[in-house]
Amino acid sequence: MAEKNLFQWGPYQEAALESGLSLFGNLTTQVEKITRLQLEAGAEATREALTAAQALIEIKDPAELGNWQTTYWQPGLERVADTVRKQYDLLAESRSVVLDAIKEASAEATQQVQAGIDRLAEQAPEGFGPVFEAIRNGLAAQISALESVSLVSDQINGIAEANVVAL
């Protein structure tokens, strides 16, 4: 049986740590973007609400109310919709960052499992080749199924994005 020591697993642990730190950095950037967007949108909404309230107080007849709605109400709704679209885009970007990290980690884990199977197959007595081939085929089938699920998920997200844009 092959001897295992800390140095054999060191590169895998280092790669996992680097991936984790990279994911954490990317997610921190996404949180910063979302927070900045919300703060800017909140400040702008407050300024616009104060201006609209002042204009509403100064209304003296129905015609001015119509002008007020055209000047403040409709553009305000459009800005809210624009802010929601931007937030959705940032959340979709964040989702993409997480999915990419998961795909990368999954690929690394798959390579490690395949390398482990290959090492075991090399050390196994003669006659065990078909067993390891069946294990490899099962792993390949699982990988293919996960890729199919990933493609379906991407298609569903594409439909959801199209619906948000349409709104």
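Everything numeric here is computed off the predicted structure, so don't read it as measured data.

Low pLDDT marks stretches whose predicted atomic positions should not be read closely. Per-residue confidence for the protein gives a mean pLDDT of 80, with 89% of residues at or over 70. The lowest-confidence element of the protein is helix H3 (residues 129–166), averaging 79 in pLDDT; the highest-confidence one is helix H2 (residues 62–123), averaging 84.

Mapped onto the elements, Gln30 comes out in helix H1 (residues 6–57). Among residues more than four places away in sequence, those in contact with Gln30 are Leu90, Glu93 and Ser94.

Here the idea is simple: oppositely charged side chains can pair when their charged atoms come close. Going through the model one piece at a time under the given rule, you end up with seven salt bridges. Across the pair Glu93 and Lys33 runs a salt bridge, and its minimum N-O distance is 2.8 Å. One end of the pair, Glu93, is in helix H2; the other, Lys33, is in helix H1, and 60 residues separate them in sequence. The exposure class of Glu93 is partly exposed, given its relative accessible area of 32%. Where Lys86 meets Asp82, a salt bridge forms, and the shortest distance between an N and an O atom there is 3.3 Å. One end of the pair is Lys86 and the other is Asp82, both in helix H2 and four residues apart, which spans about a single turn. Overall, Lys86 belongs to the partly exposed group, its relative accessible area being 41%. Classification of Asp82 by relative accessible area gives partly exposed; the value is 30%. Through salt bridges with shared partners, a single network forms among Asp118, Glu133 and Arg136.

Analysis parameters
Residues numbered from 1 in each chain as written. Predicted model: local features only at pLDDT ≥ 70, side-chain atom pairs only at ≥ 80, totals over all residues. Heavy atoms only, no water. pLDDT = per-residue confidence, 0-100. Helix = DSSP H or I, 4+ residues; strand = E, 2+ residues; numbered from the N terminus. Contact = heavy atoms within 4.5 Å. Salt bridge = Lys/Arg side-chain N within 4 Å of Asp/Glu carboxyl O. Buried < 20%, exposed > 50% of the residue type's maximum accessible area, 1.4 Å probe, protein only.

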